[in-house]
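Each chain, written out:
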Amino acid sequence: MRPWLRGLVLQALKNSRRCCRSHGQPPPPLVLQKAVANWEAISLGKQPMPEYFNFAHDVLDVWSQLEKDGHRPPNPAFWWVSGTGAEVKWSFEELGKQSRKAANVLTGACGLQPGDRMMLVLPRIPEWWLVSVACMRTGTIMIPGISQLTEKDLKYRLQSSKAKAIITSDSLAQRVDAISGDCPSLQTKLLVSDSSRPGWLNFRELLREASTEHNCVRTKSQDPMVIYFTSGTTGTPKMIEHSHCSYGLGFVASGRRWVALTESDIMWNTTDTGWVKAAWTLFSAWPNGSCIFVHELPQVDAKFILNTLCAFPITTFCCVPTIFRLLVQEDLTRYQFQSLRHCLTGGEALNPDVREKWKQQTGLELHEGYGQSETVVICANTKGMKIKSGSMGKASLPYDVQIVDDEGNILPPGEEGNIAVRIRPTRPFCFFNGYLDNPEKTARSEQGDFYITGDRAHMDKDGYIWFKGRNDDVINSSSYRIGPVEVESVLAEHPAVLESAVVSSPDPIRGEVVKAFIVLSPEYTSHDPEELTRELQDHVKRVTAPYKYPRKVAFVSELPKTVSGKLQRGKLRSQEWGK
């Protein structure tokens, strides 16, 4: 254990045991309180980050010790349910044991050294969390990816990252084999499977035989821990690097204040393992001693998700707004959530109509948060604060969040501009290290003293931030700048609209106009399209500024989305512009 934590834990344990002997009472959870308070203070920027930090050793192993000493409720630390109902439950102690075995697989059979890079492309199975922790223990830099990656995607990521190893499942192994010859840095292929494959090491077999003894690598706080590829909305995907401390401690405060987690909570986030929200959950839940609940969830199904919330003692639930839009189409009064007490959303803008329907039928508030792969939580509607429907909430410490113009000047309340995070004179520790091998991209993301997120919003006089859209999503029609989210939110208020996506479309007079792609509610699918188009256009004109109404409307059966359920407006925009 690091010296800065060893002293804290040992002194608190000594005091609590002395108290127990003197008074004959169970030892108070002083260790728990002091450890979490210390991590939270660093996360808030109130204490300096330590020179050395490793999440597996300095957080997970501390919880394992606290668990052994009776300072944590008997919840599992990890609870996984398969599509067939099979379950895996790990305490922090068991997680530690299994992750040390996995670490020995990485350093032994795979031959990985600290600083080596490993692609981690697995579905929602326990091995993803296990190998993630093993990478931390060994100093291996993990590179998560979604299971839908094509051969082209895999080739680009392996070549760009120079990854020495990849771990994946049967579904992706053939694609890896097809391109591995073009990836000279790739030395080891690790398969999570109950069967063997030529040229691959079998992770499950190696894990069974591995030792439980492993000494965690001593990593510095600023050493790289994880690399994510951006979504590639412009050009090829870029590599974003985070350190052991930026993610390892950067989410502790938001985990307590926005996610509102304690050691008694069980949190379910439906996100895919390849997206940053999986890491956000890991680094929010485990420092606070909470249980991470995972369902294999082969496909997104509203009734299945609602039944799962009823069947398991899940206290905290998080998913993207698109999924909440599906959930509120159901009769929620038919479902009894016995344990659910806190709900969160993020990843795209939350329509006020969805929030209101969810709250009306469940009695539970929806707490929206906002951040990026490059950051931790930038702003949020934290538990207990007044929520203004349609707002993403207020800035989250330690960030100084402002709305700035294109030159980096702070704009007054109410004026639309770029969401920006101050990085000078002091760069927040919970911030990405930069775009790897791309100093030009890193430089373009900064303006004056600020990092520019690429998202547009305005801030009201009370400090609430109101999202308008991505810079590349914003529609410029006859010099009017129109954010797609506002139009989508207005459309969502009409009973005919199940969901919508608004993008720009070329126009010979105005340059571009608003086009709405709309999925209709079942009871409206037989209505006359022309009449319904006019009705929806008139509805938008009535509710918001008339120039924002969709001059073009297309009724579609479904909208393009990522595997995590986020709208892909870029695909629709490219379709419109013939790109």
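This one's a predicted model, so the numbers in the text were calculated from it and none came from an experiment.

What counts as what
Residues numbered from 1 in each chain as written. Predicted model: local features only at pLDDT ≥ 70, side-chain atom pairs only at ≥ 80, totals over all residues. Heavy atoms only, no water. Helix = DSSP H or I, 4+ residues; strand = E, 2+ residues; numbered from the N terminus. Rg over C-alpha atoms; globule rule 2.2 N^0.38 Å. Buried < 20%, exposed > 50% of the residue type's maximum accessible area, 1.4 Å probe, protein only. Contact = heavy atoms within 4.5 Å. Areas by Shrake-Rupley, 256 points an atom, 1.4 Å probe, with all protein chains shown as cover. Lys, Arg positive; Asp, Glu negative; His and termini not counted. Charge placed at Lys NZ, Arg CZ, Asp CG, Glu CD. Salt bridge = Lys/Arg side-chain N within 4 Å of Asp/Glu carboxyl O. Pairing = 2+ DSSP bridges. Domains from an automatic or database assignment. Buried area = accessible area lost by both parts, 1.4 Å probe. Polar contact = N/O pair within 3.5 Å; in protein donor to acceptor, adjacent residues only side chain to side chain. Nonpolar A, V, L, I, M, F, W, Y, C, P; charged D, E, K, R; others polar. Phe/Tyr/Trp six-rings, centres within 6.5 Å; stacked < 30°, edge-to-face > 60°.

Trainee: So what's going on with the overall build of the protein? Which residues, and what values?
Mentor: Looking only at helices and strands, one finds 18 helices and 27 strands in the protein. Here the C-alpha radius of gyration of the protein, 24 Å, is about what a compact globule of 579 residues would show, namely 25 Å. Overall, the C-alpha framework of the protein stretches about 75 × 60 × 55 Å when taken along its three principal axes. For the protein, the proportion of its 579 residues judged to be buried stands at 59%. Taking contacts inside the protein between residues at least 6 apart in sequence as the whole, the part at least 24 apart equals 68%. Carbon and sulfur atoms form 48% of the exposed surface of the protein, whose accessible area is close to 23400 Å². Taking the 68 positively charged and 64 negatively charged side chains of the protein as two groups, their mean positions are separated by 5 Å.

Trainee: Any chance you could break down the pattern of salt bridges for me, citing the residues and the numbers?
Mentor: Evaluation of the coordinates by the stated rule reveals 32 salt bridges. Residue Arg422 is joined to Asp400 by a salt bridge in which the shortest nitrogen-to-oxygen separation is 2.7 Å. Residue Arg422 is found in strand E18 (residues 417-422), and its partner Asp400 is found in the loop between strand E16 (394-395) and strand E17 (401-404); the two are separated by 22 residues along the sequence. You can call Arg422 partly exposed: its relative accessible area is 24%.

Trainee: Please set out the sheet that holds strand E2 (residues 87-90) residue by residue, giving values where relevant.
Mentor: Reading across from one edge, E2-E1-E11-E10-E12-E13-E14-E15-E16 is the order of the nine strands in this open sheet, with mixed pairing throughout. Every other strand in the sheet has two partners, leaving E2 and E16 as the edge strands with one partner each. The pairing of strand E15 (residues 377-380) with E16 spans two bridges and is classified as antiparallel. Bridge assignment links Cys379 to a residue of E16, and that residue is Ala395.

Trainee: Tell me about the domain arrangement of the protein, and name the residues and values.
Mentor: Here the protein is partitioned into domain 1 (91-243), domain 2 (250-391), domain 3 (398-472) and domain 4 (475-577). The distance between the C-alpha centroids of domain 1 and domain 2 comes to 27 Å. Counting residues at the interface gives 19 residues for domain 1, matched by 22 residues for domain 2. The junction of domain 1 with domain 2 conceals about 1800 Å² of combined surface from both sides, 69% of it contributed by carbon and sulfur atoms. Looking only at domain 1, the three residues that lose the most surface to domain 2 are Arg124, Trp129 and Tyr228, adding up to 41% of its buried area. For the pair domain 1 and domain 2, the interface holds six residue pairs in polar contact (both at pLDDT 80 or more). Put simply, the parts of the chain that give the side of domain 1 that touches domain 2 at least two residues each are helix H4 (92-107), helix H5 (126-138), strand E8 (224-229) and strand E9 (239-243). Among the residues making up the side of domain 1 that touches domain 2, the classes are represented as 14 nonpolar, four polar and one charged.

Trainee: Describe the packing of aromatic side chains, listing the residues and the values that go with them.
Mentor: Under the counting rule described, the total for this entry stands at 24 aromatic pairs. With a centroid separation of 5.7 Å and an interplanar angle of 80 degrees, the aromatic rings of Trp268 and Phe293 are classed as edge-to-face. Of this pair, Trp268 sits in strand E10 (residues 266-269) while Phe293 sits in strand E11 (residues 291-295), and the two are 25 residues apart along the sequence. Both residues of the pair, Trp268 and Phe293, belong to the buried class. When the ring of Phe432 is compared with that of Tyr451, the centres are 5.8 Å apart and the planes differ by 65 degrees; the resulting orientation is edge-to-face. Note that Phe432 is positioned in the loop between E18 and strand E19 (434-435) and Tyr451 in strand E21 (residues 450-459), a separation of 19 residues in sequence. With relative accessibility at 2%, the residue Phe432 sits in the buried group.

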